[in-house]
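Examining the three-dimensional arrangement
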Amino acid sequence: NAGVTQTPKFQVLKTGQSMTLQCAQDMNHEYMSWYRQDPGMGLRLIHYSVGAGITDQGEVPNGYNVSRSTTEDFPLRLLSAAPSQTSVYFCASSYLRWSTDSYTNYGYTFGSGTRLTVV
Amino acid sequence: GESVGLHLPTLSVQEGDNSIINCAYSNSASDYFIWYKQESGKGPQFIIDIRSNMDKRQGQRVTVLLNKTVKHLSLQIAATQPGDSAVYFCAENIGVGFGNEKLTFGTGTRLTIIP
């Protein structure tokens, strides 16, 4: 059980280049999400997915695309990299359980991160 | 103290002493809270969680207290060790229906254990 695996660990891009950050989990979690973390700040949600074929925007979605074709994978795409996207990116997964009157995420597990620099 | 909004950036504690990290949240609809530990160069690591129908939960050397009246969360670490040095984040979850679940993180508190 590898948990959440992110690749690559480090990446340098030139402005305008595109790339895909990979995220895979082997815990059969329904919920997956992408966060970015900037110096001195907490994690900010980019996009999330509650299951295969379903994605939605988080707090800072501009400049990023996602898709969820399988339960296991949730890639994050930068179509035209900008220096403002220099950050550390974390993928996370969790399972959803109904409790009382709502769903809640449990078992939130993070990957080890991708450090992206856009020059 | 830290909040999902404001934060106390650093806290230094003597090794062996107890530490308390605070977090103020703003959304009274939040129903689930998690504390994470993040060491340098690593992803956040789950420490302990608590649901809104509880006011206290204990783990190994850690206790989370929830005061819904004043919307305050705290993490107590007993008998701190050098390995406890890290940034600690609180996060809140609002479960308002399938598809809307999101964790919102505070900016973090850096805990330094002094040998």
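Calculation rules
Residues numbered from 1 in each chain as written. Chains lettered and ligands numbered in written order. Predicted model: local features only at pLDDT ≥ 70, side-chain atom pairs only at ≥ 80, totals over all residues. Heavy atoms only, no water. Helix = DSSP H or I, 4+ residues; strand = E, 2+ residues; numbered from the N terminus. Buried < 20%, exposed > 50% of the residue type's maximum accessible area, 1.4 Å probe, protein only. Contact = heavy atoms within 4.5 Å. Pairing = 2+ DSSP bridges. Disulfide = S-S within 2.5 Å. Salt bridge = Lys/Arg side-chain N within 4 Å of Asp/Glu carboxyl O. pLDDT = per-residue confidence, 0-100. Core = buried A, V, L, I, M, F, W, Y, C linked by side-chain atoms within 4.5 Å. Axes fitted to C-alpha atoms, helices over the stretch in contact; angles between N-to-C directions.

Tallying secondary structure elements over chain B gives zero helices and 11 strands in all. Secondary structure of chain B in N-to-C order comes out as β-β-β-β-β-β-β-β-β-β-β. A total of 115 residues make up chain B; the buried ones form 46% of that total. Partitioning the contacts of chain B with sequence separation of at least 6, the portion at a separation of at least 24 is 53%.

Two faces belong to every sheet, and in a regular strand the side chains alternate between them. Of the pairings in the sheet, the one linking strand S5 (residues 43-51) of chain A to strand S6 (residues 54-57) of chain A comprises three bridges and is antiparallel in character. The partner of Gly51(A) across the bridge, within S6(A), is Ile54(A).

Our focus in this paragraph is the state of the cysteines. Throughout the structure, instances matching the rule amount to two disulfides over all chains. Disulfide pairing places Cys23(A) opposite Cys91(A) at an S-S distance of 1.8 Å. Because the torsion about its S-S bond is -75°, the bridge between Cys23(A) and Cys91(A) counts as left-handed. Linking Cys23(A) in strand S3 (residues 19-25) with Cys91(A) in strand S9 (residues 87-99), this pair joins segments that are 68 residues apart in sequence. Note that Cys23(B) is cross-linked by a disulfide to Cys90(B), the S-S spacing being 1.8 Å. With the S-S dihedral at roughly 45°, the linkage between Cys23(B) and Cys90(B) falls on the right-handed side. In this pair, Cys23(B) sits in strand S3 (residues 19-24) while Cys90(B) sits in strand S9 (residues 86-93), placing the two residues 67 residues apart along the sequence. Looking at Cys90(B), the relative accessible area reads 1%, which means it is buried.

Our focus in this paragraph is the pairing of strand S11 (residues 109-114) of chain B. All names here are of chain B. Burial of the side chains of S11 is restricted to one face: Thr-109, Leu-111 and Ile-113 are buried, whereas none of Arg-110, Thr-112 and Ile-114 on the reverse face is. Here strand S2 (residues 10-14) runs beside S11; their pairing, made up of five bridges, is parallel. Note that in S11 the partner of Leu-11 across the bridge is Leu-111.

Evaluated as defined, the whole model comprises five salt bridges over all chains. Salt-bridge contacts for Asp38(A) lead to Arg36(A); the nearest nitrogen and oxygen are separated by 3.0 Å. Assessed through its relative accessible area of 8%, Arg36(A) is described here as buried. The shortest N-O distance in the salt bridge between Asp84(B) and Arg61(B) comes to 2.9 Å. With a gap of 23 residues between them, Asp84(B) in the loop between strand S8 (72-77) and S9 and Arg61(B) in the loop between strand S6 (56-58) and strand S7 (62-67) connect regions that are remote in the sequence. For Arg61(B), a relative accessible area of 30% puts it in the partly exposed group.

The next subject is the confidence of the model for chain B. For chain B, the mean per-residue pLDDT works out to 86, and 87% of the residues sit at or above 70. Ignoring residues within four places in sequence, the model shows residues 1-7 of chain B, a span with pLDDT below 50, making 34 contacts including any to other chains.

Our next topic: the nonpolar core. Tyr35(A), Leu43(A), Tyr108(A), Phe110(A), Tyr36(B), Leu103(B) and Phe105(B) are the most contacted members of the largest nonpolar core, which totals 21 residues. Counting only elements with at least two residues in this core, the list comes to strand S4 (31-37), S5, S9 and strand S10 (102-110) of chain A together with strand S4 (32-38), S9 and strand S10 (103-105) of chain B. Each residue touching Tyr35(A), except ones within four places of it in the same chain, is listed here: Leu43(A), Arg44(A), Leu45(A), Ile46(A), Val88(A), Tyr89(A), Phe90(A), Tyr108(A), Phe110(A), Leu103(B) and Phe105(B).

This part covers the sheet that holds strand S7 (residues 64-66) of chain A. All names here are of chain A. One open sheet accounts for four strands, arranged S1-S3-S8-S7; its pairing is antiparallel. The strands lining the two open edges of the sheet, one partner per strand, are strand S1 (4-7) and S7. Along the sheet, successive strands turn relative to each other by an average axial angle of 20°, direction set aside. Relative to strand S8 (residues 76-78), S3 is paired through three bridges, and the arrangement is antiparallel. Counted as the bridge partner of Thr-20 is Arg-77 from S8.

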